[in-house]
Amino acid sequence: MFEVLDIFLLSFRLSEVILNESKEFNVAKNTKVLSIILGGGKGTRLYPLTKERSKPAVPFGGKHRIVDIPISNCINSGFNKVYILTQFNSASLHMHISHGYSFDTFSGGFVEILAAEQTFEHSGWFEGTADAVRKNFAHFGTQKPAYYVILSGDQLYQMDLREFLDNHIESGAEISIATTAVTREDATGFGIMKVNKKREITAFMEKPAANLDINDWIIPDESRTAGATKGKDYLASMGIYI
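What counts, and where the lines are drawn
- Residues numbered from 1 in each chain as written.
- Predicted model: local features only at pLDDT ≥ 70, side-chain atom pairs only at ≥ 80, totals over all residues.
- Heavy atoms only, no water.
- Phe/Tyr/Trp six-rings, centres within 6.5 Å; stacked < 30°, edge-to-face > 60°.
- Helix = DSSP H or I, 4+ residues; strand = E, 2+ residues; numbered from the N terminus.
- Buried < 20%, exposed > 50% of the residue type's maximum accessible area, 1.4 Å probe, protein only.
- 1 Å grid on protein atoms, 1.4 Å probe; cavity = no way out; pocket = protein on both sides within 12 Å on 5 of 7 lines; lining within 4 Å.
- Points joined across faces, edges and corners; volume = space filled by probe spheres on them.
- Nonpolar A, V, L, I, M, F, W, Y, C, P; charged D, E, K, R; others polar.
- Salt bridge = Lys/Arg side-chain N within 4 Å of Asp/Glu carboxyl O.
- Arc of directions from axis to C-beta.
- Contact = heavy atoms within 4.5 Å.

S.K.: Help me understand the packing of aromatic side chains, please; the structure alone is not making it clear to me.
M.R.: The description of an aromatic ring pair rests on the distance of the ring centres and on the angle between the ring planes. Counted by the stated rule, this structure contains five aromatic pairs. Consider the rings of Y83 and F140, whose centres lie 5.8 Å apart with planes at 35 degrees: the pair is tilted. Taken as a pair, Y83 in strand β4 (residues 81-86) and F140 in helix α4 (residues 137-140) lie far apart in primary sequence, 57 residues in all. One exposure class covers both Y83 and F140, and it is buried. Where F140 meets Y148, the ring centres are 5.9 Å apart and the plane angle is 55 degrees; that geometry is what we call tilted. The structure contains a cluster of three or more aromatic residues connected by ring pairs, namely Y83, F110, F137, F140 and Y148.

Right, here's the structure in full:
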């Protein structure tokens, strides 16, 4: 999922998300934002729950589905224009979205599905996050957004995305990536980023092997935040981008 993006990550400033309920979001308040949620792949680690549905469509918390978590984060952050990109085992997800979300006519908000499609320019499936986004630019452009927020559809977390956008705008970065600090053992399951003392990304590595020496990828003290406690020395991508 991340390998297609690695060429875009070099030398961009990192804006790690820290929630602060008292902060005012003056920068992002009136900014036009389009949220793009990736509908997920095969979800083999959750099989047999994913035998007939994609991972974002797996039931969670009663009548809800996993995809409702990132959708909720978007809507509660004031980002009410949401596209969900799907391709694998997507029927269950499509039905849930069509039955679960409805906005009034005057709000301008929506939660809509964009399924993988064949066109005169593209005849294959999505080949990673960047490819899925690229193949749908014709649909995104009609919304004329100032910023794109790209999220995974199969993660459980709570985040006020307004603060993430505020940090991105204030930093002057071209791309910002939400991260979480992980241990060396957990780093093998994530895309890991090397950052400098200014919190700028200088390199990206996809799922480093357990026997690989990555000590020079340890988070600099100047770039550590409250979440980067002792032992959690590496920055893992959450698959959330602006």
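Next comes the rest of the account.
S.K.: Explanation requested: empty space enclosed by the protein in the structure shown.
M.R.: The rolling of a water-molecule-sized probe over the atoms marks out the regions of remaining empty space. In the structure shown here, the tally under the stated rule is one cavity of 30 Å³ or more. Of the volumes computed, that of the largest cavity is approximately 50 Å³. Along its surface, the largest cavity is lined by A116, E117, T119, H122, G124, F126, K135 and N136. Within the lining of the largest cavity, the residues separate by chemical class into two nonpolar, four polar and two charged.

S.K.: I'm lost on the pattern of salt bridges in this one. Help?
M.R.: Oppositely charged side chains can form a pair if their charged atoms are brought close together. Applying the stated criterion across every chain, the model contains six salt bridges. As a salt-bridge pair, R224 and D221 come within 3.7 Å of each other at their nearest N and O atoms. Through salt bridges that share partners, D221, R224 and D233 make up one connected network.

S.K.: Which parts of the structure should I look at to understand helix α2 (residues 91-100)?
M.R.: The periodicity of an α-helix, 3.6 residues per turn, causes residues three or four places apart in sequence to face the same way. When we look at burial in α2, the residues that qualify are S92, L93, H96 and I97. Viewed along the axis of α2, the buried residues span an arc of 130 degrees, placing them on a single side of the element. Elements that come into contact with the buried residues of α2 comprise β3 (64-65), α1 (68-76), β4 and β5 (110-115).

Honestly, that's just the spatial picture; any functional story needs more than this.
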